[in-house]
Amino acid sequence: MKSIYSQIIRLVSYGINVGLIEPEDKIYVTNLLMEIMELDEPDGDLDIALTDDNVDDLEDILKNLLDMAYEKGLFPENTVTYRDLFDVKLMNTMVKRPSEVIKDFWDYYAVSAKNATDAYYKLSCDSDYIRRYRIKKDLKWKAQTEYGEIDITINLSKPEKDPKAIAQAKLQKQSGYPKCLLCKENEGYKGRINHPARQNHRIIPIEINHEDWFMQYSPYVYYNEHCIVFNSKHTPMVIDNTIFSKLLDFISLFPHYIIGSNADLPIVGGSILTHEHFQGGRYEFALNRAEVDRTFKIEGFEDVECSVVKWPMSVIRLSSKYKENITPLACHILEKWRAYTDEEAFIFAQTNGEIHNTITPIASMKDDKFIIDLVLRNNITTDEHPFGVYHPHEKLHHIKKENIGLIEVMGLAVLPSRLKKEISLLREAILSGADISNIEEISKHALWVSEFLKNYDTVNEENIDDIIKAEIGKVFLEVLKDAGVFKRTEDGQKAFDRFIATL
C-alpha cells in the first residue's frame, strides 16, 4: 500500500522537475505538505529518493493524495468541489510569493514581452492553477465556412457543481469577500463551497490608460494563453471613450497578444458585467484572419485606414501605425453608433428609455500597425425574439442559446458541456436509424438532423463524426449571422453603408 509520505515525495519531485522549487527546498516543502496532510512523521520509508515525476504525472499524484486525505477525514465530502479546495492548498506550498512572481515577470519582460508571458503562463500551468489534465478533455475542432476556418470547442474543463455542493452553498452565509471572481483579493484566497480556492493564483500589476490594472490567465483556457486583464477596482463594465486607449495601451505592452472587451449591455455582453475586464491571449482568431470587404475614408481621419470586414457580424476595422490616430476615430464611431437609429434596418438606439446600441471592441497588432475591430451590437428584444433580435434565434438553441460574447464574436464557439453526451447519442441514433424525436435527451435535435441528413448520400461509421462536427460548425455560423446587426445581404450592406455615411 502506498504511503502518504511517498506521494508527498512525488509531489516535491514534480515541483523540482518543473522548476517551481529548487532541490534545496525539498525538506521545507515536504514538511509543509506533511502539515496539510496531518502527518507528524513519515508514515513510510524516510529515505525515499526523489522521482522523475513530471507534468504528465501530476493528476495521478494529486488523486492519490486527495484519496488519502479524504480517508483521513481532512475534507467532508469526496466531491470535485471539496477535492479542488484541498489540492490547491497542496500546490500553494510550491508557488512563490506574489512579490517574487512579479519581480520575475518584469525581469523576463526586460528581455522581451514574449519571454515574460511565456514564463508566467508556464507558472500558471505548473502550479495547477490551470489544470492541464482537465483542459486536455475539451473537445476542439475547426469548421470550414465561407468566412474561413472557425473554431468549435466544447469546454469540459470547468467542473460542474455537484448537487451536494449546490445544496450546501445555499446554507452558507453570503460573503462579500472577494466581491467577485475577478477581484484582486482572489489572489491566495482559500476558497469556500461557493467560491473556488485561489491559493496558487498569482496576478501581475500593469498600468493602462494611467490606471492600475492586473493581468492573469483564465483557469479554463478556451484558447492559447487565454488571459484576463481586469481593473484593480470592482467597477462595472462600460464601453466609453476610454476603452480604446486601454486596449491599445495593453497591445503596446504585449504586441504578440490580442485583447478585446465584452459589450456592456445584457444579452450582447459577457457573463460578468459587474467588474471591468478584458480578455486576450496569444491566438489568431478567424476574425483576425478575416479579409477586408471594402474600404472607406472618414473626413478628418484620413491617416486611419477604415474598412468593412468580410464577417457574418458587422465589423468596422481601423488600422494605423500610431494608436493616437485610431483612438479619436474609434470614439467618434462609438458615439455615432450609440445614437444611431435606422427603422428600415430595425436598428433602434433606444426604446422606452432603454439603450440598445453598443460595441464589442478588439485590438491587435499586425505588420507594425495597430488594429481595432469595432463589432456593432444591439440588444433589442421583441415578442417574436424575446431573447434578442440580434441573438441566436430559437431554432439554434439546441446547440447554442447563451450570450454571444467576445470570444464567439471572434469566431470561437464555446459550446455547453451537455453536447459531448448528446453528440454520442446522436451518433448512435443516426447510425442505427432510430427516431431521434422519441429519445428524450436528444429530441431537441430531431428537426436539425432530419434536415442535414438530406445533404448526404452516405452516412456510416467512417464519416458520421466529421458530418456532425461540420453541421455543428454550420449552426455556429448561423448563430453569428443572427448576431449581426447588418446582414450580409444586398439590403443589409446598403443599410451598413447608410450608417458609415453618417460618420
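None of these values were measured; they are calculated from a predicted model.

Trainee: For this particular structure, what's the right way to read the environment of His385?
Mentor: Relative to the assigned elements, His385 resides in the loop between strand E14 (369–378) and helix H12 (406–409). By relative accessible area, His385 is classed as buried at 17%. Placed 10 residues apart in sequence, His385 and Val375 show a C-alpha to C-alpha distance of 21 Å.

Trainee: Explain the pairing of strand E3 (residues 204–208) here, please?
Mentor: Each regular strand carries side chains that alternate between the two faces of the sheet. Only one face of E3 is buried, namely the one carrying Ile204, Ile206 and Ile208, since none of Pro205 and Glu207 on the opposite face is buried. Pairing analysis gives 5 bridges linking E3 to strand E4 (residues 211–217), with the strands arranged antiparallel. Looking at E4, one finds that Ile204 is bridged to Met215. In textbook terms, the turn of a hairpin is the stretch between consecutive antiparallel strands, and for E3 and E4 this stretch comprises 2 residues, one of which, Asn209, has a positive phi near 50 degrees.

Trainee: Explain the nonpolar core to me, please; I cannot follow it from the model alone.
Mentor: Burial of nonpolar side chains together is a common tendency in soluble globular proteins. Ranked by size, the top nonpolar core spans 103 residues in total, and within it Leu11, Met215, Val229, Phe250, Leu318 and Phe486 carry the most contacts. Sequence-distant contacts of Met215, that is, excluding residues within four places in its chain, are made with Thr117, Tyr120, Ile203, Ile204, Ile206, Cys227, Ile228, Val229, Phe230, Phe250, Phe254 and Tyr257. Membership of the second largest hydrophobic core comes to 51 residues, among which are Leu426, Ala446, Ile472 and Val479.

Trainee: How should the sheet that holds strand E8 (residues 292–296) be read in this particular structure?
Mentor: Hydrogen bonds between backbone atoms are what pair the strands of a sheet, whose relative direction is either parallel or antiparallel. Spatially, E3-E4-E5-E7-E6-E13-E14-E10-E9-E8 is the arrangement adopted by the 10 strands of the open sheet, whose pairing is antiparallel. If you trace the sheet from one side to the other, it starts and ends with E3 and E8, each paired once. Pairs of neighbouring strands in the sheet enclose a mean axial angle of 25 degrees, with direction left out of account. Pairing analysis gives 10 bridges linking strand E13 (residues 357–366) to E14, with the strands arranged antiparallel. In the sheet register, Thr360 faces E14, and the bridge partner there is Val375. Against the sheet, helix H9 (residues 243–253) makes contact with E3, E4, strand E5 (227–231), strand E6 (258–260), strand E7 (277–281), E13 and E14, and its axis sits at roughly 20 degrees relative to E13, the strand it touches most. Its contacts with the sheet put helix H16 (residues 490–501) on E8, strand E9 (305–309), strand E10 (315–320) and E14, and the angle it makes with E8 is roughly 30 degrees.

Trainee: Can you help me understand the pairing of E5 in this one?
Mentor: With 5 of 5 residues buried, E5 lies mostly within the body of the structure. Across the two faces of E5 the burial is the same, with Cys227, Val229 and Asn231 and Ile228 and Phe230 all buried. With 5 bridges connecting them, E4 and E5 associate as antiparallel partners. In the sheet register, Gln216 faces E5, and the bridge partner there is Ile228. Here 4 bridges tie E5 to E7, and the two strands are oriented antiparallel to one another. Paired with Cys227 across the two strands is Gly280, which belongs to E7.

Trainee: Just checking my understanding: could you explain helix H4 (residues 80–92) for this structure?
Mentor: What sets the pattern is the α-helix's 3.6 residues per turn: residues three or four places apart point alike. End to end, H4 covers 18 Å across 13 residues, agreeing with the expected 18 Å (1.5 Å per residue, within 8%). Counting buried positions over the 13 residues of H4 gives 10, a clear majority of the element. Along H4, the residues that are buried comprise Thr81, Tyr82, Arg83, Asp84, Leu85, Phe86, Asp87, Val88, Leu90 and Met91.

Trainee: Would you mind going over the sheet that holds strand E1 (residues 139–145) with me for this structure?
Mentor: Pairing in this open sheet of 3 strands is mixed, and the strands run E1-E2-E15 from one edge to the other. Both edges of this open sheet fall to E1 and strand E15 (412–415), since each of them pairs with a single strand only. Across the sheet, the axes of successive neighbouring strands diverge by a mean angle of 20 degrees, strand direction being ignored. On top of the sheet, helix H13 (residues 418–432) reaches E1, strand E2 (148–154) and E15; it is set at about 100 degrees to E2, its chief contact.

Scoring rules and cut-offs
- The numbering scheme is per chain: residues are counted from 1 as the chain's sequence reads.
- Confidence filtering applies because this is a predicted model: local features only for residues at pLDDT of at least 70, side-chain atom pairs given and counted only at 80 or more, and all residues used for totals across whole chains, interfaces and linings.
- Water and hydrogen atoms were dropped before computing side-chain values, which therefore reflect all heavy atoms in the structure.
- Every helix listed is a DSSP run of H or I at least four residues long, and every strand listed is a run of E at least two residues long, numbered separately from the N terminus.
- Only protein chains enter the accessibility calculation, which uses a 1.4 Å probe; a residue is then buried when its area is under 20% of its type maximum, exposed when over 50%, and partly exposed in between.
- A pair of strands is labelled paired if DSSP reports no fewer than 2 bridges between them.
- The criterion is simple. A nonpolar core is a set of buried Ala, Val, Leu, Ile, Met, Phe, Trp, Tyr and Cys residues joined through side-chain atoms within 4.5 Å.
- We call two residues in contact whenever any of their non-hydrogen atoms come within 4.5 Å of each other.
- For helices, the fitted axis covers only the stretch in contact; all axes are lines through C-alpha atoms, and the angles between them, taken along N-to-C directions, range from 0 to 180 degrees.
- Residue count minus one, scaled by 1.5 Å, sets the expected span of a helix.

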